[in-house]
Amino acid sequence: QADETVTATYAAAPAPRPVAGYHFDDGRGATAGDQSGRGNTLLLTNTAWTPLGHSGGALEFNGSTSRAELPAPATDLSFSSSFTISAWVYPVTLRTGWHALAARQLGTGSGNSWYLGHNGATLHFFAGAQVSTPLTPGVWSSHASTLAEWCAAAELVAPSGMRSTSAPSSAT
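Residues numbered from 1 in each chain as written. Predicted model: local features only at pLDDT ≥ 70, side-chain atom pairs only at ≥ 80, totals over all residues. Heavy atoms only, no water.

*Asks:* Describe the overall build of the protein, listing the residues and the values that go with them.
*Replies:* Looking only at helices and strands, one finds 0 helices and 13 strands in the protein. Secondary structure elements of the protein occur, N-terminal to C-terminal, as β-β-β-β-β-β-β-β-β-β-β-β-β. Looking at the protein alone, contacts between residues at least 24 apart form 42% of all its contacts between residues at least 6 apart. When the accessible surface of the protein is summed, it comes to about 10700 Å², and 54% of that surface belongs to carbon and sulfur atoms. (Helix = DSSP H or I, 4+ residues; strand = E, 2+ residues; numbered from the N terminus. Contact = heavy atoms within 4.5 Å. Areas by Shrake-Rupley, 256 points an atom, 1.4 Å probe, with all protein chains shown as cover.)

As structure tokens, this is what we get:
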């Protein structure tokens, strides 16, 4: 039997790239550019630009009629597995009632939908499971919300580094 040599070459899988990224420091205009390179430009309604962001400029929302909306279909933001949403937040006031910071709603049920927002001084992340952490008016805080596999578990990391983790809910 002859000696055989087998050569194998392995390439590392490419690192996942963001599907959307917004610095909110454009400074003017009715849109917010997507820094991910995927063209997911946001349309702005009743917002104001300010140079007083955490790391540069920022976008101010009035708490009632302001919004930054990604027009349909935005299919690359239709998550079917793990994803993370992160944001620097500077609440001036924290009114009661549900106020969205970022959300995705498809249809009328909760399937393939997610929500990051607050009710009073509590920040909530819901994507099949719900987690929450406190917010403080007048203080910058960085929040990262992660969903590990669709509706398997949700986690929200608070500015202190504390993690809040939740199992899926039975809500549909």
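Now, onward.
*Asks:* Break down a nonpolar patch on the surface for me, citing the residues and quoting the values.
*Replies:* Together, Trp88, Tyr90, Val92 and Trp140 give the surface a local cluster of nonpolar side chains, amounting to about 430 Å² of exposed area. Tracing the backbone through its elements, the reader meets Tyr90 in the loop between strand E6 (83-89) and strand E7 (98-104). (Patch = residues over 30% accessible without salt bridge, like charges linked within 9 Å, V, L, I, M, F, W, Y side chains within 5 Å. Salt bridge = Lys/Arg side-chain N within 4 Å of Asp/Glu carboxyl O.)

*Asks:* Describe the pattern of salt bridges, listing the residues and the values that go with them.
*Replies:* Should the charged atoms of two oppositely charged side chains come close, the side chains can pair. This structure, assessed with the given rule, holds 1 salt bridge. The shortest N-O distance in the salt bridge between Glu69 and Arg67 comes to 3.1 Å.

*Asks:* Summarise the sheet that holds strand E2 (residues 42-45); cite the residues concerned and give the values.
*Replies:* Spatially, 3 strands are ordered E1-E2-E5 in an open sheet, and the strand pairing comes out antiparallel. Strands at the two margins of the open sheet, each flanked by one partner only, are strand E1 (31-32) and strand E5 (67-69). Alignment of E2 against E5, held across 3 bridges, turns out to be antiparallel. In the strand pairing of E5, Leu43 is matched with Glu69. (Pairing = 2+ DSSP bridges.)

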